[in-house]
Every structure is written in structure tokens, then in C-alpha cells.
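# Structural overview for review
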Amino acid sequence: MNPTNAGTVRPSGRAALLDHEARLVYEWAVRHRGFEPADRGRIADELGLTEAQCGRAVDLLVALCLLIQRPGEGPGRLAAVGPEAAAARLTGQAEARLRVEEAELGRRQAELAMLRAEVASLEPVYHSQGGGSDGSVRLLEDRHVVRSALDSVLGAAREEVLAVQPGGGHPRAALVEALPRDLELLERGVRLRCVHQHLTRFDHPTRSYAELVIAAGAEIRTRAEVPGQLVVVDRTTALVPARPAGGAALLVREPSLVAYFVRLFEHEWSQAVPYDTAQTAVRTVSRDVEDVIAVLLAAGEKDDTIARRLGMSTRTCRRHIAELLQRLGAQSRFQAGVLAEREGLTLPADATAVLTPAGARGRG
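As a starting point, this report considers the structure included with it. The structure displayed is predicted, hence computed values, not measured ones. (Residues numbered from 1 in each chain as written. Predicted model: local features only at pLDDT ≥ 70, side-chain atom pairs only at ≥ 80, totals over all residues. Heavy atoms only, no water.)

## Notes on the overall build of the chain
- A count of helical and extended segments in the chain gives 13 helices and 10 strands.
- The buried share of the chain, taken over its 364 residues, is 40%.
- Within the chain, residue pairs in contact and separated by at least 24 positions form 71% of the contacts whose partners lie at least 6 positions apart. (Helix = DSSP H or I, 4+ residues; strand = E, 2+ residues; numbered from the N terminus. Buried < 20%, exposed > 50% of the residue type's maximum accessible area, 1.4 Å probe, protein only. Contact = heavy atoms within 4.5 Å.)

Here it is, written out as C-alpha cells:
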């Protein structure tokens with residue numbers, strides 16, 4: 001290895017780690033202010049190493065810029081360099097390149113966001129003039145089309161985004177995709193309000209996402225149970241699932257339907273509690289979950305149905321049921337339902353109300 005090219009060496013994998021032999025040789029070089037090529041045998045003897053081990057250690061130290069050949073000194077003579085200076089020499093150029101690349105990436109992302117928003121601003125014109133459909137309700141059957149439509153309407157958001165997100169925890173990949181998009185919305189001054197389910201407070205990836213967007217200005221509340229997924233943008237456009245299962249969605253711009261979805265959101269928002277991970281809040285939402293389970297037990301729902309509606313596993317649901325039976329002093333599910341009704345836990349059953357356009361309550 002040529003010492004004069006050490007600054008361009010990029011160690012990788014296991015060979016880049018400082019092993020015991022490299023540390024011993026570095027200590028020797030510091031103590032003796034460097035060494036000559038002829039010193040390798042002496043170093044090996046003094047340190048109890050083989051010459052091959054000593055040679056590998058020297059090569060590694062050169063690669064890490066901890067040993068360098070100083071100008072004007074004898075050929076092959078290596079001097080020890082302080083670790084901080086070596087680290088700066090080793091990584092300086094790469095870090096400078098990364099900073100340039102990050103600045104360029106930020107600039108390109110800003111350009112793309114502006115381009116998306118500019119083009120998306122024509123979406124109302126397209127649909128109001130009957131482009132592609134009657135402009136009021138459009139079925140998006142492909143999952144990729146749904147994602148593209150969501151990005152488009154969020155990119156065009158100017159004032160407010162309302163969202164209801166069911167589930168006890170959201171996939172990490174979805175959160176990684178949503179975080180920069182939601183932070184960009186907030187940075188543009190768009191108000192973001194979300195209703196999640198209580199159990200998201202106990203899911204680490206979802207909790208981390210929530211804390212980051214709340215710090216940036218988002219408002220998040222939770223309920224034990226929520227209706228289906230819903231996104232409303234600027235009170236003019238809504239995205240809702242087209243069917244209970246599958247990736248299809250409806251893109252809704254019909255004013256009376258969008259207004260209904262806004263009322264549905266506001267109902268959920270008014271019944272939900274502000275997001276908080278403090279111990280008192282955890283106890284409050286845990287009791288709320290048990291109260292909703294009491295409502296569903298009184299309605300005769302099965303464990304797997306209750307678990308699905310509350311965004312939890314069936315096993316977790318059964319643990320909550322056992323705790324509820326103990327709290328009520330009940331010996332059976334039926335008795336728990338009777339005692340829950342007697343204590344008023346099943347009235348008015350707001351937590352399980354799922355509004356329909358006809359104003360009726362239904363089961364999820």
C-alpha cells in the first residue's frame with residue numbers, strides 16, 4: 001500500500017475495524033514517534049506478533065490515516081497521527097461530498113414539491129369540466145393510483161387536512177413515507193388534524209411518528225374505536241375506502257358528501273382525547289378501551305370482532321376482557337354485559353357509534 005495515497009483509501013467491512021494488533025502497533029508508533037520500514041521485525045518481537053500480523057496492522061493504520069508519510073522525511077518512514085486529525089483526514093472529503101449531495105437533494109425535492117403543487121392546482125378545473133368522470137365521485141381501483149391521488153390532493157392542500165386512521169399500529173414503511181410529506185404540509189402552514197386509535201400510543205413506530213409531527217404543529221387525538229379510514233383536504237376533497245377489504249378507494253368532490261365526511265370527522269374529533277404518552281393518559285385510554293369492550297360484550301360481539309374493531313390482537317383483547325370481568329366482579333361475559341349496562345357503560349355508546357349517511361348506527 002502506498003502511504004501517500006492513504007487519504008483516498010476507503011476501508012470497508014471487517015478489515016476497517018481496529019483489532020488488537022493494530023492498537024498495539026499504534027501505541028508503539030506513538031511512543032517512538034513513528035518508525036522506519038526496518039523496524040517491523042523489532043516491533044513484532046517487542047509486541048509478541050508475527051511479522052505478517054505486524055504488516056497487516058501497519059497497512060490498516062495507514063488505511064485509517066493513523067500512520068502517514070510526512071513530506072521531507074525518509075522514504076517509507078511513517079509518523080503517528082492523532083485520532084481526531086486522522087478521522088478528519090479520512091472522512092473529510094466524503095463528508096463534504098455528502099453535504100453537497102444533501103443540498104442538491106433538498107433543492108430537487110423542493111422543485112418537485114412546487115411542480116406537483118402547481119400541476120395539482122388544476123385538478124378542480126379538470127373535474128369541474130367533466131375530465132375523466134362527472135367530477136364528483138371517482139373510483140380508484142388500483143393501490144398505486146390511490147397513492148398517487150393521495151399525494152396529489154395533499155400536495156395541493158392549502159388550508160387543512162383532516163384524517164381518521166384506524167388500526168392499533170401503522171406499518172413502519174407507511175410511516176417512513178408519510179413523515180416527510182406531513183412535515184412538508186405543516187411547514188407550508190397547512191393545519192393537520194388526525195384521529196387515531198388508542199392503541200397507537202403503545203406502538204413504538206407510530207408513537208415516534210406522532211411525537212415528531214405534533215412537535216411540528218400537528219394535532220392528534222385518539223379513540224378506542226374509529227370508523228373507516230378517511231382523508232379530507234381543504235373541505236373540498238375526500239378519500240375513503242371503496243370497500244372494507246382491498247386497496248380501492250373513492251375520490252369524492254361532491255360537496256354534500258364531503259360536508260358529511262367533515263361532520264363525521266368533527267364527531268370523532270369531539271369524542272377523542274388529545275395524544276399524550278404520560279402515565280395518567282395511558283390509564284385513561286386503557287379504561288376507555290375496557291369500557292368500549294363492555295359495550296361490545298353487551299352487544300354480543302365475539303372476541304375476534306372486538307379485537308379487529310379496536311385494532312388489537314385477539315390475545316390482547318382477551319386479556320382486556322379478563323381484566324374487565326375482574327373490575328366488574330363478573331363471572332361470565334354475559335354477566336359482564338349485564339353489570340356494564342347496570343353501571344351505565346353501554347349508554348350512550350358513543351365510542352361505538354359509526355355514523356352512516358342515513359344517521360343510523362352500524363357495526364364494523
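## With respect to the pattern of salt bridges
- Under the definition given, this model contains 18 salt bridges.
- Of the charged contacts in the structure, one is a salt bridge between R193 and E160, with a shortest N-O distance of 3.2 Å. With R193 in strand β5 (residues 191–197) and E160 in strand β4 (residues 160–165), this residue pair connects regions lying 33 residues apart in the sequence. One exposure class covers both R193 and E160, and it is buried.
- The shortest N-O distance in the salt bridge between R181 and D182 comes to 3.4 Å.
- Exposure remark for R181: the relative accessible area of 22% places this residue in the partly exposed category.
- Several salt bridges share partner residues, and in doing so they unite E104, R107, R108 and E111 into one network. (Salt bridge = Lys/Arg side-chain N within 4 Å of Asp/Glu carboxyl O.)

## A look at a nonpolar patch on the surface
- Together, L112, L115 and V119 line one region of the surface with nonpolar side chains, adding up to about 290 Å² of accessible area.
- Along the chain, V119 falls in helix α4 (residues 83–120). (Patch = residues over 30% accessible without salt bridge, like charges linked within 9 Å, V, L, I, M, F, W, Y side chains within 5 Å. Areas by Shrake-Rupley, 256 points an atom, 1.4 Å probe, with all protein chains shown as cover.)

## Here we look at the packing of aromatic side chains
- All told, the structure shown has 2 aromatic pairs when counted by the stated rule.
- With a centroid separation of 5.5 Å and 55° between ring planes, the pair formed by Y260 and F261 is classed as tilted.
- Taking the relative accessible area as the measure of exposure, Y260 reaches 11% and is therefore buried.
- Ring geometry for F265 versus W269: centroids 5.7 Å apart, planes at 25°, classification stacked. Of this pair, F265 and W269 both sit in helix α9 (residues 255–271), 4 residues apart, roughly one helical turn. The same class applies to F265 and to W269, which are both buried.
- Just above the ring of W269 sits the side chain of R193; from NZ or CZ to the centre is 5.1 Å.
- Over the ring of Y275 we find R201, and its NZ or CZ is 5.2 Å from the ring centre. (Phe/Tyr/Trp six-rings, centres within 6.5 Å; stacked < 30°, edge-to-face > 60°. Lys NZ or Arg CZ within 6 Å of the ring centre and 35° of its normal.)

## What to know about the pairing of strand β9 (residues 249–252)
- Here 4 bridges tie strand β3 (residues 137–140) to β9, and the two strands are oriented antiparallel to one another. Bridge pairing links L139 to L250 in β9. (Pairing = 2+ DSSP bridges.)

## Considering the sheet that holds β9
- Spatially, β3-β9-β8-β7-β4-β5-β6-β10 is the arrangement adopted by the 8 strands of the open sheet, whose pairing is mixed. On the outer flanks of this sheet lie β3 and β10 (273–274), each paired with one strand and no other.
- Where β4 and strand β7 (residues 230–233) come together, 4 bridges link them in antiparallel fashion. Across the sheet, V161 pairs through a bridge with V233, a residue of β7.

## Let's talk about unusual backbone geometry
- Even without glycine at this site, D234 takes up a positive phi of about 55°.
- Within the secondary structure layout, D234 lies in the loop between β7 and β8 (237–241).
- Here R235, not a glycine, exhibits a phi torsion of approximately 55°, which is positive.
- With respect to the helices and strands, R235 occurs in the loop between β7 and β8.

## Focus on the packing of helix α1 (residues 20–31) against helix α2 (residues 40–47)
- Viewed as axis vectors pointing N to C, α1 and α2 meet at an angle of 115°, and their least axial separation amounts to 11 Å. Taken as a pair, α1 and α2 cross one another with a handedness that is right-handed. Along the contact surface, α1 presents L24, V25 and W28, while α2 presents R42, I43, E46 and L47.
- Partitioned by chemical class, the residues of the contact of α1 with α2 number 5 nonpolar, no polar and 2 charged. (Axes fitted to C-alpha atoms, helices over the stretch in contact; angles between N-to-C directions. Left-handed = near helix turned anticlockwise from the far one by under 90°. Nonpolar A, V, L, I, M, F, W, Y, C, P; charged D, E, K, R; others polar.)

## What about the nonpolar core?
- If you look at the biggest cluster of nonpolar residues, it comprises 25 residues, and the most contacted ones within it are V161, V231, V233 and L239.
- The set of elements that each furnish at least two residues to this core consists of α6 (143–155), β4, α7 (172–187), β5, α8 (204–215), β7 and β9.
- Beyond its immediate sequence surroundings of up to four residues, V233 is in contact with V153, L154, A157, E160 and V161.
- Grouped together as the second largest cluster of nonpolar side chains are 23 residues, L49, C54, L66 and V81 included. (Core = buried A, V, L, I, M, F, W, Y, C linked by side-chain atoms within 4.5 Å.)

In short, the description is geometric, and any link to function would need to be established separately.
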